[in-house]
Amino acid sequence: MIAVARTSLAGSARRAGRGLITGPAGPADPAGQLLGRLSVLPVLLLMAWLLAGLPLLLLGVFTPVLMLLLAAPLAVLLVAAGLRWIPGLRPQPAAESPAPAAESPDPAAEPARTPWWAAAAVIVIAVAFGADQMIYHAQQLIVMRDPAAYIQFSNWIAGHGSLPIPQDRAAFGGTHHLLTFDSFASYQVGGVVVPQFMAGLPMLLAAGFWIGGAAAATAMAPVLGALAVLTFGGLAARLIGPRWAPLAALVLAIALPMQFTSRSTYSEPAAAILFLGGLALVIDSLRAEGRASRICAGLGGLALGLTLLVRIDGASDILPVIPYAGLLLISRRPQALPLLGGLVAGGLYGAVDGLVLSRPYLANIKSSLIPLALLAVVVVAATGVAVVLLRRRGLPAIQGNLLPNAVTVLAFLIMIGFALRPYVQTVHAALNAPTQAAMADWQRADRLPVQPTRLYYEISLRWVFWYLGVPAVVLGTAGAALLARRCLRGRAPLWTLPLITFAWTIVTTLYRPAIVPDQPWASRRLVPAVLPGFILLAVWTVRWLGGWLRQQGYGRGGQVGVTALCAAALAGPAAQTTLGLGVSDGGPLGLRPTVSGLAFTPTYRGEVHAVDGLCAAIPRDAAVVIVDSSIADNFTQLIRGMCHVPAARIHDPRVAAVAEVTRGIRLAGHQPVLLAARRRELRPYGAAARHVMALRSTQD
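This structure is a prediction, so every number in the text was calculated from the model and none was measured.

Peer 1: What is the right way to read the environment of Gly394 from this model?
Peer 2: Mapping Gly394 onto the fold places it in the loop between helix 16 (366-390) and helix 17 (402-420). The exposure class assigned to Gly394 is buried, which follows from its relative accessible area of 19%. Here the alpha-carbon distance between Gly394 and Leu327, two residues 67 residues apart in the chain, equals 9.4 Å.

Peer 1: How should the side chain of Arg524 be read in this particular structure?
Peer 2: When you line up the elements, Arg524 lands in the loop between helix 21 (496-511) and helix 22 (530-551). Relative accessible area serves as the criterion here: at 5%, Arg524 is assigned to the buried category. There is a polar contact of 2.4 Å between the side chain of Arg524 and the side chain of Asp146. Here the side chain of Arg524 touches Glu268 through a polar contact of 3.1 Å, side chain to side chain. Non-local contacts of Arg524, meaning those with residues more than four positions away in its chain, are made with Asp146, Thr261, Tyr266, Ser267, Glu268 and Ile515.

Peer 1: I keep staring at the pattern of salt bridges and nothing clicks. Help me out?
Peer 2: Note on pairing: side chains with opposite charge can pair once their charged atoms come close. As enumerated under the stated definition, the model contains 14 salt bridges in all. Arg311 is paired through a salt bridge with Glu268; the nearest N and O atoms lie 3.8 Å apart. One end of the pair, Arg311, is in the loop between helix 11 (291-310) and helix 12 (314-317); the other, Glu268, is in helix 10 (residues 268-287), with 43 residues separating them in the sequence. Classification of Glu268 by relative accessible area gives buried; the value is 1%. For Asp313, the salt bridge identified is with Arg525, shortest N-O distance 3.7 Å. Residue Asp313 is located in the loop between helix 11 and helix 12, and its partner Arg525 is located in the loop between helix 21 and helix 22; the two are separated by 212 residues in the primary sequence. Judged by its relative accessible area of 27%, Asp313 falls in the partly exposed class. With relative accessibility at 16%, the residue Arg525 sits in the buried group. Each of the salt bridges in this network shares a partner with another, and the network as a whole consists of Asp146, Glu268, Arg311, Asp313, Asp317, Arg524 and Arg525.

Peer 1: Is there a simple way to think about empty space enclosed by the protein in this case?
Peer 2: Empty space among the atoms becomes visible once a probe the size of a water molecule is rolled across them. By the definition in use, this model includes six cavities of 30 Å³ or more. Here the largest cavity is characterised by a volume of approximately 170 Å³. Taken together, 14 residues line the largest cavity, and the ones lying closest to its centre are Met415, Ala480, Ala503, Ile506 and Val507. Residues of the lining of the largest cavity, tallied by class, amount to 12 nonpolar, two polar and no charged. Within this model, the second largest cavity holds a volume of roughly 120 Å³. Taken together, Leu256, Gln259, Phe260, Arg263, Ser264, Leu598, Thr601, Thr603 and Asp700 make up the full set of residues lining the second largest cavity. Of the residues contributing to the lining of the second largest cavity, the split by class is three nonpolar, four polar and two charged.

Peer 1: How do you make sense of the sheet that holds strand 8 (residues 647-650) when you look at a structure like this?
Peer 2: One open sheet holds the four strands; their spatial order is 2-8-7-9, and the pairing between them is mixed. The sheet is open, and its two borders are formed by strand 2 (179-180) and strand 9 (671-675), each paired with just one other strand. One ladder, built from five bridges, connects strand 7 (residues 622-626) with strand 9; its direction is parallel. Considered in strand 9, the bridge of Ala622 is made with Gln671. Where helix 25 (residues 629-642) meets the sheet, it contacts strand 7, strand 8 and strand 9, and its direction lies at approximately 165° from that of strand 8. Running over the sheet, helix 26 (residues 655-667) touches strand 2, strand 7, strand 8 and strand 9 and is turned about 145° from strand 9.

Peer 1: What's the story with the packing of aromatic side chains in this structure? I'm lost.
Peer 2: How two aromatic rings sit relative to each other is set out by the distance from centre to centre and by the angle between their planes. One pass over the full model with this rule turns up 10 aromatic pairs. Ring geometry for Phe62 versus Trp210: centroids 5.1 Å apart, planes at 35°, classification tilted. Within this pair, whereas Phe62 is found in the loop between helix 2 (30-59) and helix 3 (64-85), its partner Trp210 is found in helix 6 (residues 200-218), the two being separated by 148 residues in sequence. Using a relative accessible area of 24% as the deciding quantity, one classes Trp210 as partly exposed. Ring pairs connect the aromatic residues Trp49, Phe62 and Trp210, which therefore count as one cluster. The cationic tip of Arg145 hangs over the ring face of Trp521; the distance from NZ or CZ to the ring centre is 4.8 Å.

Peer 1: Is there a simple way to think about the sheet that holds strand 1 (residues 165-166) in this case?
Peer 2: Pairing between the strands of a sheet comes from backbone hydrogen bonds, and it takes one of two forms, parallel or antiparallel. In space, the three strands of this open sheet follow the order 1-4-3, with antiparallel pairing throughout. Edge positions in the sheet fall to strand 1 and strand 3 (186-189), since each of these pairs with one other strand and no more.

Peer 1: Please clarify how the state of the cysteines should be interpreted in this entry.
Peer 2: What we call a disulfide is simply a covalent bond connecting the sulfur atoms of a pair of cysteines. Tallied over the full model, the rule gives one disulfide. Covalently, Cys615 is tied to Cys643 through a disulfide, its sulfur atoms 2.0 Å apart. Handedness here is read from the sign of the S-S torsion; for Cys615 and Cys643, about -70°, the answer is left-handed. Of this pair, Cys615 sits in helix 24 (residues 607-617) while Cys643 sits in the loop between helix 25 and strand 8, and the two are 28 residues apart along the sequence. Of the two residues, Cys615 and Cys643, neither departs from the other in class, the shared state being buried.

Peer 1: What exactly am I supposed to notice about the nonpolar core here?
Peer 2: Here is a general trend for soluble globular proteins: nonpolar side chains tend to be buried in one another's company. Formed by 218 residues in total, the largest nonpolar core has its most connected members in Met47, Met203, Trp495 and Ile639. Residue contributions to this core peak at 15 residues, all from helix 2. The residues touching Met203, leaving out its near neighbours within four places in the chain, are Trp49, Leu50, Gly53, Leu54, Leu57, Phe62, Ile157 and Leu309.

Conventions adopted
- Numbers given for residues are sequential positions, taken from 1 along each chain in its written order.
- Local features in this predicted model are restricted to residues whose pLDDT is 70 or higher, and side-chain atom pairs enter the listing and the counts only when it is 80 or higher, whereas totals over whole chains, interfaces and linings include all residues.
- The basis for every side-chain value is the complete set of heavy atoms in the structure, and neither hydrogens nor water enter the calculation.
- Strands are runs of DSSP state E lasting at least 2 residues, helices are runs of H or I lasting at least 4, and numbering of each runs from the N terminus.
- Residue exposure (1.4 Å probe, protein chains only): buried if accessible area is under 20% of the type maximum, exposed if over 50%, otherwise partly exposed.
- For this analysis, a polar contact is any N or O atom pair within 3.5 Å, provided that within protein one partner can donate a hydrogen and the other can accept it, and provided that sequence-adjacent residues contribute only side-chain to side-chain pairs.
- Here, two residues are considered to be in contact whenever any of their heavy atoms come within 4.5 Å of each other.
- One speaks of a salt bridge when a side-chain nitrogen belonging to Lys or Arg is within 4 Å of a carboxyl oxygen belonging to Asp or Glu.
- Here a cavity is any set of points on a 1 Å grid over the protein atoms alone where a 1.4 Å probe fits but cannot get out, and a pocket is any open set with protein on both sides within 12 Å along at least 5 of 7 lines; a residue lines the site when it has an atom within 4 Å of a point.
- Grid points are joined across faces, edges and corners, and a volume is the space filled by probe spheres set on the points.
- For this scheme, ten residues count as nonpolar: Ala, Val, Leu, Ile, Met, Phe, Trp, Tyr, Cys and Pro. Four count as charged, namely Asp, Glu, Lys and Arg, and the remainder, Gly too, count as polar.
- Two strands form a pair only when DSSP identifies at least two bridges running between them.
- Comment: axis = line fitted to C-alpha atoms, over the contacting stretch for helices; angle = value between 0 and 180 degrees taken between N-to-C directions.
- For this analysis, a ring pair means two rings from Phe, Tyr or Trp (six-membered ring only for Trp) whose centres lie within 6.5 Å, classed as stacked if their planes differ by under 30 degrees, edge-to-face if by over 60, and tilted for the remaining angles.
- Placement of a positive charge over a ring is assigned whenever Lys NZ or Arg CZ falls within 6 Å of the ring centre and within 35 degrees of the normal to the ring plane.
- Only a pair of cysteine sulfur atoms within 2.5 Å qualifies as a disulfide here.
- Nine residue types can take part in a nonpolar core, namely buried Ala, Val, Leu, Ile, Met, Phe, Trp, Tyr and Cys, and a core is a set of them joined through side-chain atoms within 4.5 Å.

Next comes the structure, spelled out in structure tokens:
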């Protein structure tokens, strides 16, 4: 795939004089200008917030006043600089569509102006998606899954402005040796507690806490999801054409993984905004010239680099940007250095966050990070060597059809390999005891052979089939093959970076999803790049097919019919999985349609009210000791952060040990409070038990 990028840029460099990459000159396109600017507005605003937030968090002064004082001017600067230079969405002038003499013209040509209905449709889809997710959004405060861990992380920094989290050992007298202060997604390190995960999403959610507490913070998930759909629509408009952007945005909005991650505070929608928005800005830099091209390239690189601050897995997703920047350097393109500079700056933000604030988390996943770091070193070194050797002579031209044909076939062979993988491989791994127990429970529930160490990575392509459908994978693979050929011929320079990035991410994610295969939770891995990649490639293929039919002399009716059929094939399977469409007995005809999917199934509701009641029941001068291990995992950081009282867990809840701890708490001037799941757990300690929380809820 690196060869795809290299030769594409070679072609674009050779044809620069013929207008392949053009500046802002051309017909007015107000609808395209609106959609182009609006779709990158989310990434510009997120960048401003993150750029201002991390230094303040490192200094321990992450407060609403300072964030507004720093982030607001930065947002004005980035938005003004970014939106001023966006070149719009009109297609490239004459030189992009005509092909070399040896090949046929591009059948996917599009009219010059963006219709208002296309821009309006993308906006309506994003707003409708956000409204729907707001209705069904979850309130995950009790730490059972990642969203609640992010919420607790965010709640702490919103209220205290600093990390790490103090253990408040003094509140327990001299008995802290009997206690521990860790819990799910919180590491005990020396005398402090360090939250799991990167700080990017918690800094975004902190704005929700400042606006309206936990309820507003959990409601930010649908907002981020809607902005991700809007950003994706803008990217589709740039790569495929504005008329096709609504279809791409609709398919992504329908897909269950997108809905799943946008109802709870997962990191993937925020990462998707940065990743997809960064690609859109890089594409804008190639369509512009002069200062505009450099500014858009720098902003695009910065957005791509900042994905590390939100999601450490983003390091793999943006790896292809390094050789792509090398190809720009070899071709002496003005975007090269700004793109690299922005990428390094954003990546440094993520690196500093990981090494300073989230070091225990990185240490915990070092088995995945070390190979990725070594690969990054190899890629950087190889890119540097290539730049030194080829900068003077330039990129070699592609001669003949051998390489284009080979790359075309390779795209199909890779997907065939993933389809055949379950028949030749069974993936196992060394898992911890709780994960093995959960895997065994799920296997029994599904009447599968009990193999607790299985990961089911070999069926990862079927995950895409479940959530997006077989037609999307087939059409997406065909699109990748066709576009790879065009990139090698220098006929699709705007697709070069998206193609190699999506191809790399799709292949690496499907090969090793790096997540316990608990669906739909595991589907979050597909959200930032895999599903968007398949959708973009598939919709481009549908557009190409309509143009090919036109070239073959088919009438408008035939073109519309085939296009509508393909569009239904893309949206239908995703809707089937998300809505759970089916039939059952009943109705006037003996059968009636049913909807049993997760689209209308709210989960994790009522936690804000329940937690408020729990905190109200705990005295203000209390120090809480949790004697139940599972409750300690779920509630220790919640009580410490949201109830604002010291909290710890006791692993040896014998009467003598608990008595010693309660005496120490009283001597320290606090009121001891014991917490457990059931009354019978508290009877040995003599005090009257009070029922303070009862919540019946639905998990995912």
